[in-house]
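Read off the chains here:
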Amino acid sequence: MGPAETVARASVGKRRREVANPQPSGVEWAQEDVSDSEAGPSAPGAERERMAEEDDDIVLSELDDEELVAQMHDDLYDGLKDEIIEGTNILLERGWAPYDVLTTALVGGMKVVGDDFRDGILFVPEVLLAANAMKAGMAILKPLLAETGAPKQGKMVIGTVKGDIHDIGKNLVAMMMEGAGFEVVDIGINNPVENYLEAIAREEADILGMSALLTTTMPYMKVVIDAMVEKGIRDDYVVLVGGAPLNEEFGKAIGADAYCRDAAVAVETAKSFLARKHNQMAVSA
């Protein structure tokens, strides 16, 4: 099966249709009302356990490739880390290229998660579970991808600005970006200008992502952007900003390329800007 083939996702679609009366998530890029420790089975936990019990009779190794990929999409949606590890190894054993496993089985599944998060069907705890399952599969694929020189969507440096120690939203963006096929370098929290400038130069990044939760720290994003302008490197990078107190107007005022209200929007925006940048380079070449 080639990576371009369409994979059936009937069970995922069925699960999405069964979600009753989804409420707006109201989750911002750096909102801190949920911690990683709270990402375990909670409100939907009983339902997740019930579905897991129903899936106990599924033997992944007995599924054909198309069925296995569809099941992995389901398992990602449910945040089932062990099943994703097993499915990833099975596909590799069957001769799948690491890049095809990444794009078809993992990134394809995370797109459903991202879409449902954007639409308010999934919330931060469920997305964190899915992202952690994705990272388990990525841990297997990363060294293989490096060996084969597989293409990447792009490279992002991301960090919380100086004076701000909040990181749940930033971490979620980083995991969702990795899930979409981007290489992500997370420089952590409380970053001065120098940290950002050093990281984007060292990593030869395409994108700089900055996060802030506090109204007192969000103005520091402009300090970073102004420093990039002063050094003549601003146009070399796509700059994305996010966080609970931010809005689109603020993003434009400080000179960012875009404000992203949540992780799903960050992924879509990054893809859009890089595609535009690549097209411009192709035209000018």
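Everything below is about the structure printed above this text.
Residues take numbers from 1 onward in each chain, read along the sequence in its written order. Reporting in this predicted model follows two pLDDT cut-offs: at least 70 for local features of residues, and 80 or more for side-chain atom pairs to be given and counted; totals over whole chains, interfaces and linings ignore these cut-offs and use all residues. Values reported for side chains reflect all heavy atoms of the structure, with hydrogen atoms and water molecules removed beforehand.

> I tried to follow the nonpolar core on my own but got confused; where do I start?
A general feature of soluble globular proteins is that nonpolar side chains tend to end up buried together. In terms of nonpolar packing, the biggest core is built from 57 residues, with L91, M110, M134, L172, M177, F182 and I207 touching the most fellow members. Under the DSSP-based scheme used, a helix requires at least four consecutive residues in state H or I and a strand at least two consecutive residues in state E, with every element numbered from the N terminus. Secondary-structure elements contributing two or more residues to this core are α3 (65-77), α4 (81-93), α5 (98-118), α6 (124-148), β1 (155-160), α7 (168-179), β4 (238-242) and α11 (263-284). Ranked by the residues each element gives to this core, the list is headed by α6, at ten residues. Sequence-distant contacts of I207, that is, excluding residues within four places in its chain, are made with K155, M156, V157, M177, F182, V238, L240, A270 and L274. Take the buried residues of types Ala, Val, Leu, Ile, Met, Phe, Trp, Tyr and Cys, join any two whose side-chain atoms come within 4.5 Å, and each joined set is a nonpolar core. Relative accessibility thresholds used throughout: buried, under 20% of the residue-type maximum; exposed, over 50%; partly exposed, between the two (1.4 Å probe, protein chains only). Contacts: residue pairs with any heavy atoms within 4.5 Å of one another.

> Would you mind showing me how to read α4 here?
Within an α-helix, residues lying three or four positions from one another point in the same direction, as the helix has 3.6 residues per turn. Here the expected span of a helix is defined as 1.5 Å times the quantity of residues minus one. The end-to-end C-alpha distance of α4, which contains 13 residues, comes to 19 Å, matching closely the 18 Å that a straight helix rising 1.5 Å per residue would cover. In this fold, the buried residues of α4 make contact with α3, α5 and α6.

> Explanation requested: the packing of α4 against α6 in the structure shown.
Angles here are taken between N-to-C directions and fall from 0 to 180 degrees, while the axes themselves are lines fitted to C-alpha atoms, restricted in helices to the stretch in contact. The geometry of α4 relative to α6 is characterised by a closest axis approach of 7 Å and an angle of 30 degrees between their N-to-C directions. Comparing their axes, α6 and α4 come out roughly parallel. In this structure, the crossing between α4 and α6 has a hand that is right-handed. For the pair formed by α4 and α6, the contact residues are K81, I84, I85, T88, N89 and L92 on the first element and A133, A136, G137, I140, L141 and L144 on the second. Residues are grouped as follows: nonpolar covers Ala, Val, Leu, Ile, Met, Phe, Trp, Tyr, Cys and Pro; charged covers Asp, Glu, Lys and Arg; every other residue, Gly included, is treated as polar. Of the residues in the contact of α4 with α6, the class split is eight nonpolar, three polar and one charged. Roughly parallel means an angle under 35 degrees; roughly antiparallel means over 145; roughly perpendicular covers 65 to 115; every other angle is labelled oblique. Take the far helix as your reference; a near helix turned counterclockwise from it by less than a right angle gives a left-handed crossing, and one turned clockwise gives a right-handed crossing.

> Got a minute to help me understand the sheet that holds β4 in this structure?
Backbone hydrogen bonds hold the strands of a sheet together, and the pairing may be parallel or antiparallel. At least two bridges found by DSSP between two strands is the condition for calling them paired. Taken together, the five strands give an open sheet; going across it, the order is β2-β1-β3-β4-β5, and neighbouring strands pair in parallel fashion. The open sheet terminates on both sides in strands that have one partner only, identified here as β2 (183-186) and β5 (258-259). Here β1 pairs with β2 via four bridges, running parallel. Across the sheet, the residue bridging to I158 is D186, located in β2. With respect to the sheet, helix α9 (residues 220-230) is in contact with β3 (207-211) and β4, its orientation differing from that of β3 by roughly 155 degrees. Strands in contact with α11 are β3, β4 and β5; relative to β4, the strand with the most contacts, it is inclined by about 165 degrees.

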